[in-house]
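An overview of the molecular structure
Given next are the chains, with one letter for each unit.
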Amino acid sequence: MSIYILGIESSCDDTSAAVIKDRKILANLVANQHVHKDFGGVVPELASRAHQQNIIPVISNALSKANIKKNEIHAVAYTNGPGLLGSLLVGTSFAKGFAMAMGIPLITVNHMHAHILAHFIEDESQSKSPPFPFLCLTVSGGHTQIVLVSGYHDMKVIGQTIDDAAGEAFDKAAKIMGLPYPGGPLIDRYARDGDSLAFTFPHPKVPGLDYSFSGLKTSILYFLRDRLKKDPDFIKRNMSDLAASIQHNIIEILMKQLRRAAVETGIRHIAIAGGVSANSGLRKAFEKEKEEGNWEVYIPKFEYCTDNAAMIAVAGYFKYLNKDFSSQRTAPFTRYPG
Ligand code: KG4
Ligand code: ZN
């Protein structure tokens with residue numbers, strides 16, 4: 001018998017709903033919030049309000065697109081953290097109400113685990129799923145982790161950022177350059193026409209497998225402050241080279257620790273996940289490791305990199321198989337691991 005799961009994601013600024021049949025996506029819709037553009041980051045109060053406005057239409061549209069009736073859904077899986085509390089509460093409340101009304105199981109999903117489990121979405125245009133154990137570089141707006149993945153429910157963080165996340169480094173650098181939020185995709189776009197070695201920024205010295213990105217932000221800030229004193233149009237005239245150099249620096253930092261983790265664990269199956277895995281430079285760096293015969297690499301399809309409910313539904317599917325259900329009394333959490 002096929003299992004139909006409704007997945008709901010509302011941890012940050014995207015309201016998303018998906019319907020899956022086993023591991024196949026029937027619908028995966030995302031309502032992006034544009035209200036944060038001019039604020040340089042997500043404004044929690046505005047995010048919760050937009051989720052509240054979007055959630056019912058997004059879910060109805062996902063059900064229609066999947067051509068599935070409410071009473072055909074076997075379980076509802078939703079993100080219960082980490083994320084913004086007000087945002088999480090919108091998805092949580094809907095999921096609880098839906099599960100109760102339909103008399104079906106409620107499944108909580110950890111957002112960071114779901115990013116990794118996006119690799120197990122059955123999609124012909126996605127590369128094959130990684131075998132266990134594998135390492136996953138999980139890079140998003142709020143987290144940067146190297147995760148040792150030994151099973152669908154067996155994940156251990158072996159390295160993580162001690163301050164800013166990689167996505168935050170992209171977004172903050174973009175903000176300093178006067179670009180709107182989220183700046184990561186814009187830096188990626190400008191970087192395509194730039195020289196990645198035009199400007200150099202220092203690398204952090206962090207022991208073990210951890211990361212640090214706050215120093216990069218400071219050095220970009222001071223570097224630009226000095227250059228702008230001499231030339232007020234410096235950013236405008238060097239946008240592509242600046243973007244390419246900043247992107248190159250972030251990727252070098254990410255790859256250095258990841259290579260170290262691969263050597264230390266002896267694992268050659270290496271995946272990426274999370275919003276920053278949409279970055280073309282990072283994807284190229286992974287492809288290069290593959291071409292040089294160092295790693296087997298696993299890169300998700302673009303639409304499964306940034307926040308989406310398909311990954312939540314698939315993570316929920318694996319919990320469904322284990323009958324790992326949650327009670328109506330469960331509450332969302334804001335910080336990893338929960
Ligand atoms: O996973 P995600 O969609 O949301 C969180 O869970 O945080 O990640 C969002 C982050 C943002 O910081 C955004 O700027 C970054 O992913 N991002 C990118 C790209 N696309 C999204 N960063 C660099 N290059 C991209 N192409
Ligand atoms: Zn995410």
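Structure's up top.
Below is a summary of the structure that appears in this document. Note that the structure is a prediction, hence the values are computed from the model and not measured.

Points about unusual backbone geometry
- The omega torsion across Gly81 and Pro82 is -10°, close enough to zero to call that bond cis.
- When you line up the elements, Pro82 lands in the loop between strand E4 (75-81) and helix H2 (85-102).
- Residue Pro182 is bonded to the preceding Tyr181 through a cis peptide linkage, with omega at -5°.
- Secondary-structure assignment places Pro182 in the loop between helix H4 (166-176) and helix H5 (184-191).
- One non-glycine residue, Asp22, adopts positive backbone phi at about 55°.
- Relative to the assigned elements, Asp22 resides in the loop between strand E2 (14-21) and strand E3 (24-32).
- Look at Asp22 and you get partly exposed, because its relative accessible area is 23%.
- Phi at Lys323 takes a positive value of approximately 55°, unusual for a residue other than glycine.
- For Lys323, the position within the fold is in the segment after helix H9 (309-321).
- Take Lys323: its relative accessible area is 65%, and that puts it in the exposed class.

Details of the sheet that holds strand E7 (residues 144-151)
- What the five strands build is an open sheet, ordered E8-E7-E6-E9-E10; its pairing is mixed. Among the strands making up the open sheet, the edge pair consists of strand E8 (154-160) and strand E10 (296-298). Strand after strand, the sheet turns through a mean of 25° between neighbouring axes, direction not considered.
- In the packing of helix H7 (residues 234-265) onto the sheet, contacts are made with strand E6 (134-139), E7, E8 and strand E9 (269-273), and the angle to E6 comes to roughly 160°.

Some thoughts on the sheet that holds E2
- As summarised here, the arrangement of the five strands in space is E3-E2-E1-E4-E5, forming an open sheet in which the pairing is mixed. Strands with a single pairing partner mark the edges of an open sheet, and in this sheet they are E3 and strand E5 (106-110). Between one strand axis and the next, the sheet turns through 20° on average, direction left out of account.
- As defined by bridge partners, strand E1 (residues 4-9) adjoins E2 across six bridges and the pair is classed as antiparallel. Bridged to Glu9 within E2 is Ser16.
- Its contacts with the sheet place H2 against E1, E4 and E5, and it is angled at close to 155° to E4.

Details of the site of ligand 1
- Near ligand 1 there are 19 residues, and of these Gly141, Asp171, Asp188, Gly275 and Asp307 occur at the shortest range.
- Residue Gly184 places a main-chain N or O atom 3.3 Å away from an oxygen atom belonging to ligand 1.
- Here ligand 1 loses 90% of its free accessible area of 550 Å² to cover by the protein chains.
- For the shell around ligand 1, the elements supplying multiple residues, two or more each, are helix H3 (111-117), H4 and H5.
- Among the residues forming the shell around ligand 1, the class breakdown is five nonpolar, eleven polar and three charged.
- For the shell around ligand 1, the domains that each give at least three residues are domain 1 (4-120 + 305-321) and domain 2 (134-299).

Comments concerning the packing of aromatic side chains
- Taken as a whole, this structure holds 16 aromatic pairs when the rule is applied.
- Between Phe132 and Tyr152, the ring centres sit 5.1 Å apart and the planes meet at 90°, which makes this aromatic pair edge-to-face. Of this pair, Phe132 sits in the loop between H3 and E6 while Tyr152 sits in the loop between E7 and E8, placing them 20 residues apart in sequence.
- Its relative accessible area of 32% is what places Phe132 among the partly exposed residues.

Concerning the coordination of the zinc ion (ligand 2)
- In the first shell of the zinc ion (ligand 2), the protein supplies His111 (NE2), His115 (NE2) and Asp307 (OD), at 2.0 to 2.1 Å from the metal.
- Read N to C, the donor residues that coordinate the zinc ion (ligand 2) are spaced as H-x3-H-x191-D. Here the residue His115 occupies a position in helix H3, and Asp307 occupies one in the loop between E10 and H9, the gap between them amounting to 192 residues. Pair check on accessibility: His115 and Asp307 agree, each one buried.

Here is what the cut-offs are and how they apply
- Residues numbered from 1 in each chain as written.
- Chains lettered and ligands numbered in written order.
- Predicted model: local features only at pLDDT ≥ 70, side-chain atom pairs only at ≥ 80, totals over all residues.
- Heavy atoms only, no water.
- Helix = DSSP H or I, 4+ residues; strand = E, 2+ residues; numbered from the N terminus.
- Buried < 20%, exposed > 50% of the residue type's maximum accessible area, 1.4 Å probe, protein only.
- Pairing = 2+ DSSP bridges.
- Axes fitted to C-alpha atoms, helices over the stretch in contact; angles between N-to-C directions.
- Contact = heavy atoms within 4.5 Å.
- Near = heavy atom within 4 Å.
- Polar contact = N/O pair within 3.5 Å; in protein donor to acceptor, adjacent residues only side chain to side chain.
- Areas by Shrake-Rupley, 256 points an atom, 1.4 Å probe, with all protein chains shown as cover.
- Nonpolar A, V, L, I, M, F, W, Y, C, P; charged D, E, K, R; others polar.
- Domains from an automatic or database assignment.
- Phe/Tyr/Trp six-rings, centres within 6.5 Å; stacked < 30°, edge-to-face > 60°.
- Donors = N, O, S within 2.8 Å, 3.2 Å for Na, K, Ca; no water.

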